[in-house]
Amino acid sequence: NAGVMQNPRHLVRRRGQEARLRCSPMKGHSHVYWYRQLPEEGLKFMVYLQKENIIDESGMPKERFSAEFPKEGPSILRIQQVVRGDSAAYFCASSPSVDLVYEQYFGPGTRLTVT
Amino acid sequence: SQKIEQNSEALNIQEGKTATLTCNYTNYSPAYLQWYRQDPGRGPVFLLLIRENEKEKRKERLKVTFDTTLKQSLFHITASQPADSATYLCALGAGSYQLTFGKGTKLSVIP
């Protein structure tokens, strides 16, 4: 059973470009969470999604950031018009059901560098 | 505001000794607390979960305590090995999914 997959592992974007980060949850998992880890900081919750629904986006910046988890395909975290402050590691996690949300399985992360 | 502090950024111990990592929190009433291991360039890996009504949890060489009065959790690795070298993250949860992480403690086990 493959773990949580994220791609790309490394992404370099110039200021003003768009970044699209992909996350495929573990097989059988329908709950996806995105976290951001800034240099020298702890992981910060961004958004929680279930298939086709955003459940909680309270940790996501109001502007330029969006997330989706379509019926088919991976979850996407999209950052428009990136700025240097967006440089960070972005981690996706998944869990199998609402009753088992306590344990989250993390992917390897996407390291975004904005130049 | 909520604050989580892990005792030190780095901890060096001799192989075979017990490593003890501390997680303190303020302005928070977690329903549970989790410990994760993170290796360089990798995502966190879940180790242990302890709920607010539990005092202690064990798993092989790992032991976690949770004192809601002191607002503190201790994470112990007994008979430490060089392979235990990693960054260990403390994470608090109040609801069913939103975790709040500490910055982590980087543990180095010296042969």
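Residues numbered from 1 in each chain as written. Chains lettered and ligands numbered in written order. Predicted model: local features only at pLDDT ≥ 70, side-chain atom pairs only at ≥ 80, totals over all residues. Heavy atoms only, no water.

Caption draft 1: Local environment of the sheet that holds strand E1 (residues 5-7) of chain A. Residues and elements named next belong to chain A. The four strands are arranged E1-E3-E8-E7 in an open sheet whose pairing can be described as antiparallel. Taken across any chain shown, the strands that pair with only one partner, and hence form the sheet edges, are E1 and strand E7 (65-68). Shown here is a sheet whose adjacent strand axes are inclined to one another by a mean of 15°, direction ignored. Note that strand E3 (residues 19-24) and strand E8 (residues 75-79) share five bridges and pair antiparallel. (Pairing = 2+ DSSP bridges. Helix = DSSP H or I, 4+ residues; strand = E, 2+ residues; numbered from the N terminus. Axes fitted to C-alpha atoms, helices over the stretch in contact; angles between N-to-C directions.)

Caption draft 2: How the structure looks around the sheet that holds strand E6 (residues 56-59) of chain B. All names here are of chain B. Read across the sheet, five strands follow the order E1-E3-E8-E7-E6 without closing on themselves; strand pairing throughout is antiparallel. One side of each edge strand has no neighbouring strand; the edge strands of this open sheet are strand E1 (3-6) and E6. Between one strand axis and the next, the sheet turns through 15° on average, direction left out of account. Where E1 and strand E3 (residues 19-26) come together, four bridges link them in antiparallel fashion. Looking at E3, one finds that Gln6 is bridged to Cys23.

Caption draft 3: The arrangement of the pairing of E3 of chain B in detail. Bridge analysis of E3 of chain B against strand E8 (residues 72-77) of chain B gives six bridges, and the strand direction is antiparallel. From the neighbouring strand, Ala19 of chain B faces E8 of chain B, where its bridge partner is Ile77 of chain B.

Caption draft 4: Representation of the state of the cysteines. Counted according to the given criterion, the structure contains two disulfides over all chains. Note on cysteine connectivity: Cys23 of chain A is disulfide-linked to Cys92 of chain A, with sulfurs 1.7 Å apart. Between Cys23 of chain A and Cys92 of chain A, the disulfide has an S-S torsion of -45° and is therefore left-handed. With Cys23 of chain A in strand E3 and Cys92 of chain A in strand E9 (residues 88-95), this pair connects stretches of sequence that are 69 residues apart. Note on Cys23 of chain A: relative accessible area 0%, which makes it buried. Cys92 of chain A sits in the buried class, given a relative accessible area of 0%. What pairs with Cys23 of chain B in a disulfide is Cys90 of chain B, and their sulfur atoms sit 1.9 Å apart. Between Cys23 of chain B and Cys90 of chain B, the S-S dihedral sits near -55°, and the bridge is therefore left-handed. (Disulfide = S-S within 2.5 Å. Buried < 20%, exposed > 50% of the residue type's maximum accessible area, 1.4 Å probe, protein only.)

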